[in-house]
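Architecture and fold: a report
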Amino acid sequence: RRTICSENEMGLFYNADDEKSHGMAPRRCTDPLCGLLFWAFLGGMGYIMKYASEHGNLNRLTHGINYQGQVCGVDPNVSDSPFLFWCRKPQP
């Protein structure tokens, strides 16, 4: 009978027979459905990112937008104003 022993980064040894002798079940993948859902989620997010970069305006995420919906520093009417400024309400 062969045992599996290997040294890990802390210098400790893993022995599969130790787990059996202590009543532990053999190691196996317990959540393959969750793994598939996770990879499907990542694929869906990748598709959404690709679609958004092709059909959207990513500058709206990184630049300010004024009250007229113009992207500061990007749109022609506000290309000389790269920063967003909101006026404060007058204090009573």
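Since the structure is predicted, the reported quantities are computational estimates derived from the model, not experimental observations.

What follows deals with the side chain of Asn66. Within the element layout of this structure, Asn66 appears in the segment after helix H3 (59-62). Among the residues examined, Asn66 registers a relative accessible area of 16% and is labelled buried. From its side chain, Asn66 meets the backbone nitrogen of Gln70 in a polar contact 2.9 Å long.

Glancing now at the side chain of Gln70. Checked against the element boundaries, Gln70 lands in the segment after H3. In this view, Gln70 contacts Gly64, Ile65, Asp75, Asn77 and Val78; residues no more than four positions away in its chain are not counted.

Moving on: the environment of Ser81. Position of Ser81 relative to the elements: it lies in the segment after H3. Owing to a relative accessible area of 34%, Ser81 belongs among the partly exposed residues under this scheme. In contact with Ser81, not counting residues within four places along its chain, are Cys72 and Gly73.

Reading guide: rules and limits
- Residues numbered from 1 in each chain as written.
- Predicted model: local features only at pLDDT ≥ 70, side-chain atom pairs only at ≥ 80, totals over all residues.
- Heavy atoms only, no water.
- Helix = DSSP H or I, 4+ residues; strand = E, 2+ residues; numbered from the N terminus.
- Buried < 20%, exposed > 50% of the residue type's maximum accessible area, 1.4 Å probe, protein only.
- Polar contact = N/O pair within 3.5 Å; in protein donor to acceptor, adjacent residues only side chain to side chain.
- Contact = heavy atoms within 4.5 Å.

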